[in-house]
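Listed here are the chains, written in short residue letters.
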Amino acid sequence: MDTRIARLVGKTALSPDTADFSLELLEGRFSGLEPGAHVDVHLGQDLVRQYSIWNWSQDGRQLNIAVKQEANGRGGSRAMHALQCGDEIALGTPRNNFRLQPNTHADAHYVTLIAGGIGATPLVAMARELANARRDFQVYYLVRSQDLAAMDQQFRALDLGDRYHLHCDDTDGQLDLAEVLRSMPMGSDVYTCGPEPMLNAVLEAGSVMRGGTIHFERFTALADADTGRNDSFDIEIQSTGAMLRVSADESILDVLKANGIAVDFGCSEGLCGACLVDVLDGDVDHRDGILTPEEQATNSYLCTCVSRAKGDKLVLNL
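Scope of this entry: the structure provided in the associated data block. (Residues numbered from 1 in each chain as written. Predicted model: local features only at pLDDT ≥ 70, side-chain atom pairs only at ≥ 80, totals over all residues. Heavy atoms only, no water.)

### A word on the overall build of the chain
Part 1: Along the chain, the regular secondary structure elements total eight helices and 18 strands.
Part 2: Whereas a compact globule of 318 residues would reach a radius of gyration of roughly 20 Å, the chain reaches 20 Å, a difference of no more than 12%.
Part 3: With respect to the three principal axes, the spread of C-alpha positions in the chain is 60 × 50 × 35 Å.
Part 4: When the 318 residues of the chain are sorted by exposure, 49% land in the buried category.
Part 5: Approximately 15,000 Å² of the chain is accessible, and the part contributed by carbon and sulfur atoms is 44%. (Helix = DSSP H or I, 4+ residues; strand = E, 2+ residues; numbered from the N terminus. Rg over C-alpha atoms; globule rule 2.2 N^0.38 Å. Buried < 20%, exposed > 50% of the residue type's maximum accessible area, 1.4 Å probe, protein only. Areas by Shrake-Rupley, 256 points an atom, 1.4 Å probe, with all protein chains shown as cover.)

Right, dumping it as structure tokens:
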């Protein structure tokens, strides 16, 4: 796994539970710094977390991520918040599974960004890009209360005027998402990131859209992603013909690593896309939160960290 060492050069509180981290490479420059990209942060042995990049320097040496401390999380956010300026950590190469699409159709010029909580981080970068490109768009930032609006000042710094809407549940009630989507011009696209209940509400409200596409990114695993039955199955490695057994209590990724087969990985929750591999044969029991239903239906690839076989065997392009 390709990593580079970066130093924490800035740490700023954005809200009671969220801080901004400015990380600078000791050597070299990053590629792939663009709206929607995220970076792997290596916080310890087998402790790798992905965080969206909301800002970066023009020379590619420095980037910013905002991290919410989760008291009941798995340790990644606590490790991040324990860092102090001057500490050095390893960062992976930025990847992007939530890319802002170019404006290629005259009737698809309008964009709506809907951010929930810390899910605002990739959408700040998108809003900046859209503003610089002079595209027509609007932003809705949904939070429980104003004191928890960690990225509010970052949005306001873009000078968006009435294109920016901060919606606080405790003072404004629930936002009528169907009305927001219904009022968009025909062919408009939506980009949304936030907690699963909000994403589900946006997807449900999408039935009233007049064309366009909803692009979304999750930052937590699907609540029901691991409720299926775990049976044992075989995986065949296409390059060598090796047949490996995946038992009920193992993941494909576990078996690949145990047999010395190199495959990239990151979150181990089916969210980052690092461990995607091509499937040459077999039906996949998809349990990830990154592939669209259409992509899953092709059975062309899978996330080795969470997905399994529906049948007796999968043939992997490894």
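### Observations regarding the sheet that holds strand β18 (residues 313-316)
Part 1: The five strands are arranged β13-β12-β18-β14-β16 in an open sheet whose pairing can be described as mixed. Taken across any chain shown, the strands that pair with only one partner, and hence form the sheet edges, are β13 (243-246) and β16 (301-303). Mean inter-strand twist for the sheet, computed between neighbouring axes without regard to direction, equals 40°.
Part 2: Alignment of strand β12 (residues 233-237) against β18, held across four bridges, turns out to be parallel. When the sheet's bridge partners are listed, Glu 236 is paired in β18 with Val 315. (Pairing = 2+ DSSP bridges. Axes fitted to C-alpha atoms, helices over the stretch in contact; angles between N-to-C directions.)

### Some details on the nonpolar core
Part 1: Counting residues in each nonpolar core, the largest one holds 29 residues, and the members touching the most others are Leu 113, Tyr 141 and Phe 155.
Part 2: For this core, the leading source of residues is helix α2 (residues 120-132), giving six residues.
Part 3: Leu 113 has contacts with Leu 123, Met 126, Ala 127, Leu 130, Gln 138, Val 139, Tyr 140 and Tyr 191, leaving out every residue within four places of it along the chain.
Part 4: Among the nonpolar cores identified, the runner-up in size contains 24 residues, and Ile 53, Ile 65, Leu 83 and Leu 91 belong to it. (Core = buried A, V, L, I, M, F, W, Y, C linked by side-chain atoms within 4.5 Å. Contact = heavy atoms within 4.5 Å.)

### Regarding the sheet that holds strand β2 (residues 18-25)
Part 1: Pairing in this closed barrel of six strands is antiparallel, and the strands run β1-β2-β5-β4-β3-β6 around the ring. Between one strand axis and the next, the sheet turns by 45° as a mean value, whatever way the strands run.
Part 2: Where strand β1 (residues 3-15) lies against β2, eight bridges are found, and the strand directions are antiparallel. Opposite Ala 13, over in β2, you have Ala 19 as the bridge partner.
Part 3: Where α2 meets the sheet, its contacts fall on β4 (47-56) and β5 (62-68), and the angle it forms with β4 comes to roughly 25°.

### So, the packing of aromatic side chains
Part 1: Applying the stated criterion to the full structure yields three aromatic pairs.
Part 2: Through a chain of ring-to-ring contacts, three or more aromatic side chains come together here, namely Tyr 141, Phe 155 and Tyr 164. (Phe/Tyr/Trp six-rings, centres within 6.5 Å; stacked < 30°, edge-to-face > 60°.)

### Remarks on the layout of surface pockets
Over the atoms rolls a probe the size of a water molecule, and in doing so it shows where empty space is left.
Part 1: Put simply, the second largest pocket is a space of about 570 Å³.
Part 2: Taken together, 23 residues form the lining of the second largest pocket, with Gly 116, Gly 117, Leu 142, Arg 144 and Pro 195 sitting closest to its centre.
Part 3: Going through the elements one at a time, β8 (136-143) and α6 (196-205) are the ones with two or more residues in the lining of the second largest pocket. (1 Å grid on protein atoms, 1.4 Å probe; cavity = no way out; pocket = protein on both sides within 12 Å on 5 of 7 lines; lining within 4 Å. Points joined across faces, edges and corners; volume = space filled by probe spheres on them.)

### Concerning unusual backbone geometry
Part 1: In this structure, Arg 134 takes a positive phi of about 55° despite not being glycine.
Part 2: In this structure, Arg 134 sits in the loop between α2 and β8.
Part 3: The class of Arg 134 is exposed, set by a relative accessible area of 76%.
Part 4: Not every positive phi belongs to a glycine, and Asp 159 is a case in point at roughly 55°.

### Let's talk about the pairing of strand β11 (residues 214-217)
Moving residue by residue along a regular strand, the side chains alternate between the two faces of the sheet.
Part 1: With four bridges connecting them, strand β10 (residues 189-193) and β11 associate as parallel partners. When the sheet's bridge partners are listed, Val 190 is paired in β11 with Ile 214.
Part 2: Each parallel crossover has a hand, and for β10 linked through α6 to β11 it is right-handed. (Right-handed = clockwise from strand over helix to strand, strands pointing away.)

### Let's talk about α6
It helps to recall that an α-helix has 3.6 residues per turn; residues three or four apart then point in one direction.
Part 1: Regarding α6, the residues found buried are Glu 196, Met 198, Leu 199, Val 202 and Ala 205.
Part 2: Contact partners of the buried residues in α6: β7 (110-116), β8, α5 (177-182), β10 and β11.

### Quick word on α2
Part 1: Helix length check: α2 (13 residues) gives 18 Å between terminal C-alpha atoms against 18 Å at 1.5 Å per residue, within 8%.
Part 2: For α2, a buried count of 10 out of 13 residues is recorded, marking the element as mostly surrounded by other parts of the structure.
Part 3: Here α2 has its buried residues at Ala 120, Thr 121, Pro 122, Leu 123, Val 124, Ala 125, Met 126, Ala 127, Arg 128 and Leu 130.
Part 4: Once α2 ends, the next one or two residues include Arg 134, with phi positive near 55°. (Expected span 1.5 Å × (residues − 1).)

Functional significance is not addressed by these values, which are geometric in nature.
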